[in-house]
Amino acid sequence: MNTNRSTQRVLVTGGTGMTGRRVRALLAARGVDHRVGSRAGHAETGTPPFDWNAPETWDGALEGADAVYLCFHPDLAVPGAAETVSAFAARAVARGVRRMTLLSGRGEPEARRAEEEVRRVLPGLTVLRCAFFAQNFSESYLVPAVLAGTITMPVADVPEPFVDLDDVAEAAVRSLTEDGHAGELYEMTGPRALTFTEVGAVLGAATGRPVEHRAVAPEEFVAGATADGLPEEVAHALVALFSEVLDGRNAAPSDGVRRALGRPAGGFEEYVAGAARVGAWG
């Protein structure tokens, strides 16, 4: 392993989220000093509150950091995201940050614009352009749908090469702590595409109860998602995002995981079997 020992401290923005938690765990396992960027702050790593929408919080979170994991909330597709992330990147570079890895979305024009804006600030930016997260079915807004036995989506039954977040986190940590990843773009996908109907069959086999896919109108998806506890503005944002990227444009798997990690990407079936073993669906 070609590890660059000169990395002193990594700031993990979105550090309490799905990818951020994994990045933090891997950094800790490597003995890498890191700080957790979150709106509530993080006492364990001594990080003051960090808010993407409050630039006055940025300098405190960046204190002592020379590498940053950029995970923008809620999504790079939202208006103004590119400007905010690039402004933060410029602040970070001015304070001595020399490595950055950006979590991006596959097939999203606004995410692509954010990539370009940040790369203007730091040409050595590493981009992890990700497919739909497999863990959305076990750790996020699709858990209630799986438990109810019906995955409702405001799109047709298109194929998607779902990516395992463990692969994404490993690629992030390597790019932040090792040589050889500066300036790279990794399209992160699973090894093959599955339709949501096929996803339901895999989930059903693992959980022992039927799980089906049903395409619904956007307003029905929003109503169901908000009833399950998702904020309404997030539900509307998901509808807009899904209608854009779940149209077949992302169906072909890519080799980004292999290029970044030197091994095959984790498969959806393996992810589901592992999640079921630890009781993800009760």
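The rules we used
Residues numbered from 1 in each chain as written. Predicted model: local features only at pLDDT ≥ 70, side-chain atom pairs only at ≥ 80, totals over all residues. Heavy atoms only, no water. 1 Å grid on protein atoms, 1.4 Å probe; cavity = no way out; pocket = protein on both sides within 12 Å on 5 of 7 lines; lining within 4 Å. Points joined across faces, edges and corners; volume = space filled by probe spheres on them. Helix = DSSP H or I, 4+ residues; strand = E, 2+ residues; numbered from the N terminus. Nonpolar A, V, L, I, M, F, W, Y, C, P; charged D, E, K, R; others polar. Pairing = 2+ DSSP bridges. Axes fitted to C-alpha atoms, helices over the stretch in contact; angles between N-to-C directions. Contact = heavy atoms within 4.5 Å. Phe/Tyr/Trp six-rings, centres within 6.5 Å; stacked < 30°, edge-to-face > 60°. Buried < 20%, exposed > 50% of the residue type's maximum accessible area, 1.4 Å probe, protein only. Right-handed = clockwise from strand over helix to strand, strands pointing away. Arc of directions from axis to C-beta. pLDDT = per-residue confidence, 0-100. Core = buried A, V, L, I, M, F, W, Y, C linked by side-chain atoms within 4.5 Å.

*Asks:* Would you explain the layout of surface pockets in this entry?
*Replies:* Its boundaries defined by the atoms lining it, the largest pocket holds a volume of some 1400 Å³. Taken together, 49 residues make up the lining of the largest pocket; nearest its centre are Phe72, His73, Pro74, Asp75 and Phe133. Among the secondary structure elements, those contributing two or more residues to the lining of the largest pocket are helix H1 (18–29), strand S4 (99–105), helix H5 (136–139) and helix H10 (232–245). Sort the elements by how many residues they give to the lining of the largest pocket and H10 lands first, with eight residues. Looking at the lining of the largest pocket residue by residue, the classes come out as 25 nonpolar, 15 polar and nine charged. Lining the second largest pocket are 15 residues, and of these Ala145, Thr152, Gly224, Ala225 and Asp228 sit closest to its centre. Elements that contribute at least two residues to the lining of the second largest pocket include exactly helix H6 (143–148), strand S6 (150–153) and helix H9 (218–227). Among the elements that take part in the lining of the second largest pocket, H9 stands out by supplying four residues, more than any other.

*Asks:* I keep staring at the sheet that holds S4 and nothing clicks. Help me out?
*Replies:* To summarise the sheet geometry, strands pair through backbone hydrogen bonds and adopt either a parallel or an antiparallel arrangement. Judged by pairing direction, the sheet is parallel, and its six strands sit side by side in the order S2-S1-S3-S4-S5-S7 without closing on themselves. Each of the sheet's edge strands pairs with one partner strand only, and the pair in question is strand S2 (34–37) and strand S7 (185–188). Here the strands of the sheet are splayed against their neighbours by 15° on average, with no regard to which way each runs. Relative to S2, strand S1 (residues 10–13) is paired through four bridges, and the arrangement is parallel. Looking at S2, one finds that Val12 is bridged to Val36. Packing against the sheet, H1 makes contact with S1, S2, strand S3 (67–70) and S4, and its axis sits at approximately 160° to S1. Together, S1, S3, S4, strand S5 (126–130) and S7 form the strand contacts of helix H7 (residues 165–177), whose direction differs from that of S4 by roughly 155°.

*Asks:* Even after reading the chapter, I still don't get the packing of aromatic side chains, so can you show me in this structure?
*Replies:* Each aromatic ring pair is described using two quantities: the centre-to-centre distance and the angle formed by the ring planes. Inspection of the entire model under this criterion finds 17 aromatic pairs. Here the aromatic rings of Phe50 and Phe88 are separated by 5.4 Å at their centres, their planes lie at 70°, and the arrangement is edge-to-face. In this pair, Phe50 sits in the loop between S2 and helix H2 (58–62) while Phe88 sits in helix H3 (residues 81–94), placing the two residues 38 residues apart along the sequence. Phe50 sits in the buried class, given a relative accessible area of 2%. Ring geometry for Phe132 versus Phe162: centroids 5.3 Å apart, planes at 85°, classification edge-to-face. Of this pair, Phe132 sits in the loop between S5 and H5 while Phe162 sits in the loop between S6 and H7, and the two are 30 residues apart along the sequence.

*Asks:* Any chance you could explain the pairing of S2 here in plain terms?
*Replies:* Note on strand geometry: in a regular strand, side chains alternate between the two faces of the sheet. Going residue by residue along S2, you find His34 and Val36 tucked away on one face and Arg35 and Gly37 tucked away on the opposite face as well. For the handedness criterion, the β-α-β arrangement of S1, H1 and S2 is classed as right-handed.

*Asks:* How do you make sense of helix H12 (residues 268–277) when you look at a structure like this?
*Replies:* Since the α-helix advances by 3.6 residues per turn, residues separated by three or four positions end up pointing in the same direction. Where H12 is concerned, the buried positions are Phe268, Tyr271, Val272 and Ala275. Burial along H12 is one-sided: seen end-on, the buried residues are contained in an arc of 95°. Opposite the packed face of H12, turned more than 90 degrees from it, sit the exposed residues Glu270 and Arg277. In the stretch just after H12, Gly279 is the one whose phi turns positive, near 80°.

*Asks:* What is the right way to look at the confidence of the model for the chain in this model?
*Replies:* Do not read the fine detail of predicted coordinates wherever pLDDT is low. With 98% of its residues at a pLDDT of at least 70, the chain reaches an overall mean of 94. Within the model, the stretch residues 1–5 combines pLDDT values under 50 with 11 contacts to residues more than four positions away or in other chains.

*Asks:* I would appreciate a short explanation of the nonpolar core in the present structure.
*Replies:* Generally speaking, a soluble globular protein has its nonpolar side chains buried in company with each other. In terms of nonpolar packing, the biggest core is built from 35 residues, with Phe132, Phe137, Met153 and Phe268 touching the most fellow members. Of all elements in the fold, only H6, S6, helix H8 (196–207), H9, H10 and H12 reach the threshold of two or more residues within this core. With six residues, H10 is the largest single contributor of residues to this core. Dropping the residues within four chain positions of it, Met153 is found in contact with Phe132, Leu142, Phe196, His213, Arg214, Ala215, Val216, Phe221, Phe242 and Leu246. The next biggest cluster of nonpolar side chains, apart from the first, holds 28 residues, and it includes Val12, Leu103, Val168 and Val173.

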